[in-house]
Amino acid sequence: APPPRVCGEVYLPFPPHAQDAGDVTDGLHARNQTAFQSALDNVRNLVGSPLAGIDDQEMVDTRHLCTVLSDLISLDPATGTRGNPKWGNLPRKFNIAVSGSRDDFAHTHINDIGLEPCAHSETGEMGFNVVLGGYMSIKRVAHSVEGDMWVPAQVQPVVDVSEAILRIFRDEGARGDRQKARLMWLIEEKGVEAFRDQVAAEAEAYGRGTVVQRAQPKPTGDFTRRELLGVHAQPQPGLSRVGVHVPAGRLSVAECRAIADLADAYSAGEIRATVEQNIILPNVADAEVPKLLAEPALNGGRLSVDPGNIVGHTVSCTGSQFCGLAMVETKANAEAVAKLLDERLVTPRPLRIHWTGCPNSCGQVQAADIGIMGGPAKKFDPESGKNKAVPGCNIFLGGTIGENAHLSLEPAVKGVPLEHDILVPKLEELIIEHFGGTPRPAPSAGAGGLLAKVKALFRRD
């Protein structure tokens, strides 16, 4: 059987040689991955929990559900091959996220369909509340709305509700104005209650035993979203997960091979990806963790296990190097600016800085603590005595993720030039004012070495 899906997507800016493309595609399909229907007006990559099956606070293991949903949208039932014309021509792109815990590592609030784990208040059965319509675009950024639906965390109900929503969107969604063709616009046109009733009726009419109930009360009590980087104990005795930072989500060929070698040596060849553009090596034997942390690939290069609160939580879209829509280069700037900020400041908690090259917001800047969106800016030119257009950005503040997520919809600062001697001081000012940043003290002699790093990282949560 093919391996179950966990979470993640890989973008290859340089395609293989034409003569190798077929072999690459066949290899992906043999590993339960596909590039079919991954762009244009299709359902995009399914997102699940990166901790599925290795989480002591897991409410639902999302792996099998993500697999069957991926097969629903991209596997042709008539031929058994990838590419399903039934869902190949939607009014607009579509995203599905399946969350496995209260952390909501899948970010359901910015997906067209979000499945949030929630136990039934009367029976205690685990299931999902369904949220709908979250998305980001040039025209509009929308937080998902409560769909007032609950289904058991079982394959058939999850498939039936998803299929009903997709069918309604495919056949009734707007196709005239592409900026108004996302699911949220259809929900608002019909009204949430009417849309909910139509979905429930259709899912139940399939005759597969699905019953759509009203949304259940969400979990209560204090909960803090957990960290994915670093070393963390798994519920399986003697095993830990190790989160590895990938700066700005960009990997070289050599780094890809290094990660593959680490996975072969320590995690039985398994690598998990996170929406924060980092990776997790699961099921690492506790006795092997110090050896893993000492590996050259994780020391002295770009990859690391303990990158710090600023560098470790910087996310970036593709940027102008490989995307024709981007107004600015993001990857290189994101990595360089994060390093400069980390050299100057200390923050009391992880600081999520997201970069996006244009208002489409593939970098999800509205969900970040600090979001940097490429845009126009002007800078005084002493030679001409005039302000001249330069690459710039708008800065968003205060987005949150996890439970009670919040999107920052308007920029706090506009028209900041991207030049580091201008942007970095402005970001320093904002971090100190809004996020408790303090100037980094000068390094002291005799700072701890590898042993100190191991003790700090290797902890039982």
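Above this note sits the structure.
A brief report on the enclosed structure follows. Residue positions are counted from 1 within each chain, in the order its sequence is given. Only residues with pLDDT of 70 or above have their local features reported here, since the model is predicted, and side-chain atom pairs are shown and tallied only from 80 upward, although totals for entire chains, interfaces and linings are computed over all residues. Hydrogen atoms and water are omitted, and side-chain values are computed over all heavy atoms in the structure.

### Remarks on the overall build of the protein
Logical step 1: The helix and strand tally for the protein stands at ten helices and 17 strands.
Logical step 2: In terms of overall dimensions, the protein has C-alpha extents of about 70 × 60 × 55 Å along its principal axes.
Logical step 3: Using the Shrake-Rupley algorithm and a 1.4 Å probe, accessible areas are obtained, with residue cover drawn only from the displayed protein chains. With the model as given, the accessible surface of the protein reaches about 20,800 Å², and the carbon-plus-sulfur share is 55%. Numbering of helices and strands starts at the N terminus; helices are DSSP runs of H or I of at least 4 residues and strands are runs of E of at least 2.

### Looking at the sheet that holds strand 13 (residues 353-356)
Logical step 1: Strands qualify as paired when DSSP identifies two bridges or more between them. A sheet is described by the order of its strands in space; here five strands give the open sequence 11-13-14-15-16, paired in mixed fashion. Looking at the sheet topology across the chains shown, the edges are occupied by strand 11 (314-316) and strand 16 (413-417). Within this sheet the neighbouring strands show an average axis-to-axis angle of 35°, counted without direction.
Logical step 2: Across twelve bridges, strand 14 (residues 370-381) lies against strand 15 (residues 386-397) in antiparallel orientation. Helix axes are fitted only over the stretch in contact, all axes being lines through C-alpha atoms; the angle between N-to-C directions runs from 0 to 180 degrees.

### Remarks on the packing of helix 3 (residues 155-172) against helix 5 (residues 192-205)
The description of two packed helices rests on the angle between their axes and on the distance between the axes.
Logical step 1: Relative orientation of the contacting elements helix 3 and helix 5 amounts to 120°, with a least axis distance of 8 Å. Taken together, the axis directions place helix 3 and helix 5 in an arrangement best described as oblique. As for the relative orientation of helix 3 and helix 5, their crossing is right-handed in sense. Along the contact surface, helix 3 presents Asp160, Val161, Ala164, Ile165, Arg167, Ile168 and Glu172, while helix 5 presents Phe195, Gln198, Val199, Glu202 and Ala203.
Logical step 2: Residues were grouped as follows: Ala, Val, Leu, Ile, Met, Phe, Trp, Tyr, Cys and Pro as nonpolar; Asp, Glu, Lys and Arg as charged; and all remaining residues, including Gly, as polar. Of the residues assigned to the contact of helix 3 with helix 5, the class counts are seven nonpolar, one polar and four charged. Roughly parallel here means an angle under 35 degrees, roughly antiparallel means over 145, roughly perpendicular means 65 to 115, and every remaining angle is called oblique. A clockwise turn of the near helix away from the far one marks a right-handed crossing, whereas an anticlockwise turn of less than a right angle marks a left-handed crossing. Any two residues whose heavy atoms approach within 4.5 Å at even a single point are treated as in contact.

### Looking at the nonpolar core
Generally speaking, soluble globular proteins have nonpolar side chains that are buried together.
Logical step 1: Membership of the largest hydrophobic core comes to 37 residues, with the highest contact counts inside it found for Phe94, Ile165 and Phe195.
Logical step 2: Elements with a contribution of two residues or more to this core: helix 2 (63-74), strand 1 (96-98), strand 2 (113-119), strand 3 (126-132), strand 6 (145-152), helix 3, helix 4 (183-190) and helix 5.
Logical step 3: When residues in this core are grouped by element, the largest group, eight residues, is from helix 3.
Logical step 4: Discounting residues that sit within four places of it in the chain, Phe94 has contacts with Asn42, Val43, Arg44, Asp112, Ile113, Ile165, Leu166, Phe169 and Leu183.
Logical step 5: Throughout, nonpolar core names a set of buried Ala, Val, Leu, Ile, Met, Phe, Trp, Tyr and Cys residues whose side chains join them through atoms within 4.5 Å. Think of it in three bands: residues with accessible area under 20% of the maximum for their type are buried, residues over 50% are exposed, and the middle band is partly exposed, with areas taken using a 1.4 Å probe on protein chains only. Judged by nonpolar contacts, the second largest core, of 24 residues, contains Leu341, Ile370, Val413 and Leu430.

### Notes on the state of the cysteines
Logical step 1: Defined by distance alone, a disulfide is two cysteine sulfur atoms within 2.5 Å. With the rule as written, the count across this model stands at zero disulfides.
Logical step 2: The structure places no disulfide on Cys118, whose sulfur is separated from the nearest cysteine sulfur, that of Cys66, by 18 Å.
Logical step 3: Residue class for Cys118 comes out buried when judged on its relative accessible area of 2%.
Logical step 4: Here Cys393 stays unpaired: no disulfide links it, and the sulfur of Cys317, its closest cysteine neighbor, is 13 Å away.

### Quick notes on helix 9 (residues 420-435)
Logical step 1: Listed in full, the buried residues belonging to helix 9 are Leu423, Val424, Leu427, Glu428, Leu430, Ile431 and Phe435.
Logical step 2: Those residues of helix 9 that are buried are in contact with helix 8 (331-344), strand 12 (345-346), strand 13, strand 14, strand 15 and strand 16.
Logical step 3: Once helix 9 ends, the next one or two residues include Gly436, with phi positive near 70°.

### Concerning the pattern of salt bridges
Logical step 1: By salt bridge we mean one thing: a side-chain nitrogen of Lys or Arg within 4 Å of a carboxyl oxygen of Asp or Glu. Across all of its chains, the model carries 33 salt bridges by this definition.
Logical step 2: A salt bridge links Asp103 to Arg226; the shortest N-O distance between them is 2.5 Å. With Asp103 in the loop between strand 1 and strand 2 and Arg226 in the loop between helix 5 and strand 7 (230-233), this residue pair connects regions lying 123 residues apart in the sequence. Each of the two residues, Asp103 as well as Arg226, counts as buried.
Logical step 3: Its salt-bridge partner being Arg349, residue Asp369 comes within 3.2 Å of it at the nearest N-O pair. With a gap of 20 residues between them, Asp369 in the loop between strand 13 and strand 14 and Arg349 in the loop between strand 12 and strand 13 connect regions that are remote in the sequence.
Logical step 4: For Asp369, a relative accessible area of 4% corresponds to the buried category.
Logical step 5: When salt bridges that share partners are traced, they join Arg167, Arg170, Asp171, Glu172, Lys190 and Glu202 into one network.

### Comments concerning unusual backbone geometry
Logical step 1: Even without glycine at this site, Asp148 takes up a positive phi of about 50°.
Logical step 2: Take Asp148: it is sitting in strand 6.
Logical step 3: Taking relative accessible area as the criterion, Asp148 reaches 25% and is therefore assigned partly exposed.

### A look at the sheet that holds strand 10 (residues 279-285)
Pairing between the strands of a sheet comes from backbone hydrogen bonds, and it takes one of two forms, parallel or antiparallel.
Logical step 1: The strand order across the open sheet built from four strands is 7-8-10-9, with neighbouring strands paired in antiparallel fashion. Each having just a single partner strand, strand 7 and strand 9 (272-273) make up the two edges of the open sheet.
Logical step 2: In the sheet, strand 7 pairs with strand 8 (residues 239-244) via four bridges, with the strands oriented antiparallel. The residue of strand 8 that forms the bridge with Gly230 is Gly243.

### Quick look at helix 5
Logical step 1: In this model helix 5 runs 20 Å from its N-terminal to its C-terminal C-alpha over 14 residues, within 8% of the 20 Å that 1.5 Å per residue would give.
Logical step 2: Looking only at helix 5, the buried set comprises Phe195, Arg196, Val199, Ala200, Glu202 and Ala203.
Logical step 3: For helix 5, the secondary structure elements touched by its buried residues are strand 3, strand 6, helix 3 and helix 4. Helix span, as expected, comes to 1.5 Å for every residue beyond the first.

### Looking at the environment of Ala326
Logical step 1: Inspection of the secondary structure assignment puts Ala326 in the loop between strand 11 and helix 8.
Logical step 2: As for Ala326 and Glu429, which are separated by 103 residues in sequence, their C-alpha atoms are 26 Å apart.

### Some words on the packing of aromatic side chains
Logical step 1: Two aromatic rings, drawn from Phe, Tyr or Trp (for Trp, its six-membered ring), form a pair once their centres lie within 6.5 Å of each other, and the interplanar angle then sorts them: stacked below 30 degrees, edge-to-face above 60, tilted otherwise. Applying the stated criterion across every chain yields a total of one aromatic pair.
Logical step 2: An angle of 45° between the planes, with centres 5.4 Å apart, marks the rings of Phe94 and Phe169 as tilted. Here Phe94 is found in the loop between helix 2 and strand 1, whereas its partner Phe169 is found in helix 3, with 75 residues between them in sequence.
Logical step 3: Note that Arg140 overlies the ring of Trp185, its terminal NZ or CZ placed 5.0 Å from the centroid. Charges are assigned to positions over rings by a cutoff of 6 Å between ring centre and Lys NZ or Arg CZ, combined with an angular limit of 35 degrees from the ring normal.

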